[in-house]
Amino acid sequence: MDLNFSPAEEVLRAEIRAFLDAELTEEMREQARLTVGVFAERPLAQAWQERLHSRGWAAPNWPREHGGPGWTPLERYIFEKECARAGAPTLPFMSLKLLGPVLIHFGSAAQQQRYLPAILSGEDFWAQGFSEPGSGSDLASLRTRAVREGGHYRVNGSKIWTTHAQFANWMFLLVRTGTEGKPQTGITFLLLDMKTPGLTVKPIITMSGEHEVNQCFFDNVRIPVANRVGDENQGWTVAKYLLEFERGGVYSPRLRGMLRKVKKIASAEQDGWGATIRENARFKHKIAEAEIAISAIEFTERRIISQLSAGGPVGDATASMLKLKGSETMQFVTELALEALGLYAAPDQRPALDRGSNTPSIGPHYGVTVTARYLNTRAATVYGGSSEVQRNILARVALGL
Ligand SMILES: Cc1cc2nc3c(=O)[nH]c(=O)nc-3n(C[C@H](O)[C@H](O)[C@H](O)COP(=O)(O)OP(=O)(O)OC[C@H]3O[C@@H](n4cnc5c(N)ncnc54)[C@H](O)[C@@H]3O)c2cc1C
């Protein structure tokens, strides 16, 4: 496989690099380094999105006519790679990567005009209300009920694990509007203004100590029929389209950054016998294992890009393989960071580190987030389709079982 870029792609890469050098401030990089969760939190994300938007790069996967850069899959990849290399904040993808393409594909002209510009600028920030208590992997079993009353739907029920709902002013959600036939046929896709009476958002604090997810309760929440995307009971088609964007993704650039950090820790930390952790043969072996896994992921990503560039669909098996290996390698690399840091990774070191009283062997940054990131990354094999679900797809599609 030829991983080199063409001269034209190298020009774009240089342009992106120059932009990042000029626009990504040291303060933003620092905040991004200290981010534990999957996405940058709202103030940082908003500040960075504004800069990207001013360059026309806030939504790399949108077509030009809707305000995107109109990049090819490989150009998008180059952008992701450069952002990861520079340590740019990871923008939440609910609005830009998931809802945007859905509105471009299924939204009415009025919906596109109303929502797309505010998504690009970051003025509107969206949460994804799909999962419910009891409906995650088996999403089609969702029970949040919407009953049509004239020009509105009256919604009752609950959504859970709603990422950054505490920051969102809008939510896209799936509701049950029909109970006849297959569960998939009675689902509708709605857009909800989070200020609507009857909606309550309650935090869920995860074991890493982050407020990243929430549970949302709907008590007779009224949503105008005009806020429906697609037809009533056709929401599953819309959701399936959206989920393709959720599952696809690029892992290798960020994984390489994470592994660089592990090496930095392992080079600074001593093993107690005068050597660094990095020099330990067992640890070296693990680093090599991670390098190989990341390279295999990078080749898979490039294979997917070739398939997309040739206009072909990305097979379910390839996307599942990438999600499975990407998320599991992410967990492995955070385990290595924990191992390299040894006893200093103990969670009760955190408050001391946060106060700035670092021990000489722990650098000012890397010790602070290692344990929290390790804990936070446990969720990576659950969200976006769990590892078990991906293995089921692989067994069916790739192995024909
Ligand atoms: C950090 C985080 C952020 C999230 N953000 C959002 C969000 O913003 N919006 C949103 O809508 N949802 C969000 N989710 C929810 C996520 O999509 C679900 O957690 C996921 O789909 C799994 O569903 P579940 O939690 O109900 O687990 P379940 O589906 O109940 O699964 C429980 C266990 O059973 C296994 N399992 C389930 N079915 C099968 C099967 N058929 N065969 C074998 N094993 C199976 C699973 O792999 C898992 O180990 C988030 C989740 C997390 C952890």
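Quick notes on the rules
Residues numbered from 1 in each chain as written. Predicted model: local features only at pLDDT ≥ 70, side-chain atom pairs only at ≥ 80, totals over all residues. Heavy atoms only, no water. Near = heavy atom within 4 Å. Polar contact = N/O pair within 3.5 Å; in protein donor to acceptor, adjacent residues only side chain to side chain. Nonpolar A, V, L, I, M, F, W, Y, C, P; charged D, E, K, R; others polar. Buried < 20%, exposed > 50% of the residue type's maximum accessible area, 1.4 Å probe, protein only. Helix = DSSP H or I, 4+ residues; strand = E, 2+ residues; numbered from the N terminus. Arc of directions from axis to C-beta. Salt bridge = Lys/Arg side-chain N within 4 Å of Asp/Glu carboxyl O. Contact = heavy atoms within 4.5 Å. Phe/Tyr/Trp six-rings, centres within 6.5 Å; stacked < 30°, edge-to-face > 60°. Lys NZ or Arg CZ within 6 Å of the ring centre and 35° of its normal. Axes fitted to C-alpha atoms, helices over the stretch in contact; angles between N-to-C directions. Parallel < 35°, antiparallel > 145°, perpendicular 65-115°, else oblique. Left-handed = near helix turned anticlockwise from the far one by under 90°. Pairing = 2+ DSSP bridges. Expected span 1.5 Å × (residues − 1).

**What to know about the site of the ligand**
Near the ligand, the surroundings consist of 15 residues, among which Ser-137, Trp-161, Thr-163, Ser-386 and Glu-388 are the closest. Interatomic distance of 2.6 Å between a side-chain N/O atom of Glu-388 and an oxygen atom of the ligand. Here the residues of the shell around the ligand sort into six nonpolar, eight polar and one charged.

**Some words on helix H2 (residues 26-33)**
By the burial criterion, the buried members of H2 are Met-28, Arg-29 and Ala-32. Looking straight down H2, one finds its buried side chains confined to an arc of 100°; they lie on one side.

**Some details on the pattern of salt bridges**
In the structure shown here, the tally under the stated rule is 20 salt bridges. Of the charged contacts, one joins Glu-82 and Arg-85 as a salt bridge, the two residues approaching to 3.1 Å between their closest N and O atoms. With Glu-82 and Arg-85 both in helix H4 (residues 73-86) and three residues apart, the pair spans about one turn of that helix. Between Glu-328 and Arg-391 there is a salt bridge, and its shortest N-O distance comes to 3.3 Å. Within this pair, whereas Glu-328 is found in helix H10 (residues 316-341), its partner Arg-391 is found in helix H13 (residues 387-398), the two being separated by 63 residues in sequence. The network of salt bridges with common partners includes Glu-10, Arg-13, Arg-17, Glu-82 and Arg-85.

**Things to note about the environment of Glu-298**
Along the chain, Glu-298 falls in helix H9 (residues 281-309). A C-alpha to C-alpha distance of 9.6 Å links Glu-298 and Gly-326, two positions 28 residues apart in sequence. The contacts of Glu-298, once residues within four sequence positions are left out, are Leu-3, Tyr-77, Lys-81, Ser-252 and Arg-256.

**Some remarks on the packing of aromatic side chains**
In this structure the tally under the stated criterion is 15 aromatic pairs. Feature note: the residues Tyr-115, Trp-126, Phe-130, Trp-170, Phe-172 and Phe-189 constitute an aromatic cluster, connected by ring pairs. Above the ring of Tyr-153, the side-chain terminus of Arg-148 is found at 5.8 Å from the ring centroid. Residue placement shows Lys-202 over the ring face of Phe-217; its charged tip is 5.4 Å from the ring centre.

**Thoughts on the environment of Ile-297**
With respect to the secondary-structure elements, Ile-297 resides in helix H9. When the C-alpha positions of Ile-297 and Pro-253 are compared, they lie 9.8 Å apart, and in sequence the two are 44 residues distant. The contact partners of Ile-297, leaving out residues within four places of it in the chain, are Tyr-251, Ser-252, Leu-255, Leu-322, Lys-325, Gly-326 and Thr-329.

**Notes on the packing of helix H8 (residues 252-268) against H10**
Two elements in contact, H8 and H10, have axes whose closest approach is 9 Å; the angle formed by their N-to-C orientations is 15°. Of the possible angle classes, the one that applies to H8 and H10 is roughly parallel. Two packed elements cross with a definite hand, and for H8 against H10 that hand is left-handed. On H10, the residues that touch Leu-255, Met-258, Leu-259, Val-262, Ile-265 and Ala-266 of H8 are Gly-326, Thr-329, Met-330, Val-333, Thr-334, Leu-336, Ala-337, Ala-340 and Leu-341. Taken together, the residues of the contact of H8 with H10 sort by class into 12 nonpolar, three polar and no charged.

**Section: unusual backbone geometry**
The backbone of Trp-161 shows a phi angle near 65°, a positive value even though the residue is not glycine. The topology assignment puts Trp-161 in the loop between strand E3 (152-160) and strand E4 (170-176). Its identity as a non-glycine residue notwithstanding, Asn-233 has a phi of 70°, on the positive side. For Asn-233, a relative accessible area of 25% translates into the label partly exposed.

**Overview of the pairing of E3**
Pairing of strand E2 (residues 145-149) with E3 involves five bridges; the strand directions are antiparallel. Bridge assignment links Arg-148 to a residue of E3, and that residue is Tyr-153. The pairing of E3 with strand E7 (residues 211-224) spans eight bridges and is classified as antiparallel. Following the sheet pairing, Val-155 is matched in E7 by Val-221.

**Focus: the packing of helix H1 (residues 7-23) against helix H3 (residues 42-55)**
Two elements in contact, H1 and H3, have axes whose closest approach is 12 Å; the angle formed by their N-to-C orientations is 135°. Of the possible angle classes, the one that applies to H1 and H3 is oblique. As H1 runs across H3, the sense of the crossing is right-handed. Contacts from Glu-15, Phe-19, Leu-20 and Glu-23 in H1 reach Trp-48, Arg-51, Leu-52 and Arg-55 in H3. For the contact of H1 with H3, the residue count by class is four nonpolar, no polar and four charged.

**A word on the pairing of E4**
Among the seven residues of E4, seven are classified as buried, and the element is accordingly described as predominantly covered. The alternating pattern of E4 places Trp-170, Phe-172, Leu-174 and Arg-176 and Met-171, Leu-173 and Val-175 on opposite faces, both of which are buried. When strand E1 (residues 126-129) meets E4, the two strands line up parallel, connected through four bridges. Residue pairing across strands places Trp-126 opposite Trp-170, the latter belonging to E4. Pairing of E4 with strand E5 (residues 187-193) involves seven bridges; the strand directions are antiparallel. Following the sheet pairing, Arg-176 is matched in E5 by Ile-187.

**Focus on H9**
Between its terminal C-alpha atoms H9 stretches 42 Å, which fits the 42 Å expected from 29 residues at 1.5 Å a residue. Those residues of H9 that sit buried are Phe-283, Lys-286, Ile-287, Ala-290, Ile-294, Ile-297, Glu-298, Thr-300, Glu-301, Arg-302, Ile-304 and Ile-305. Summarising the contacts, the buried residues of H9 are in contact with H4, H8 and H10. Where H9 starts, the residue carrying a side-chain oxygen 2.8 Å from the main-chain nitrogen of Arg-282 turns out to be Asn-280.

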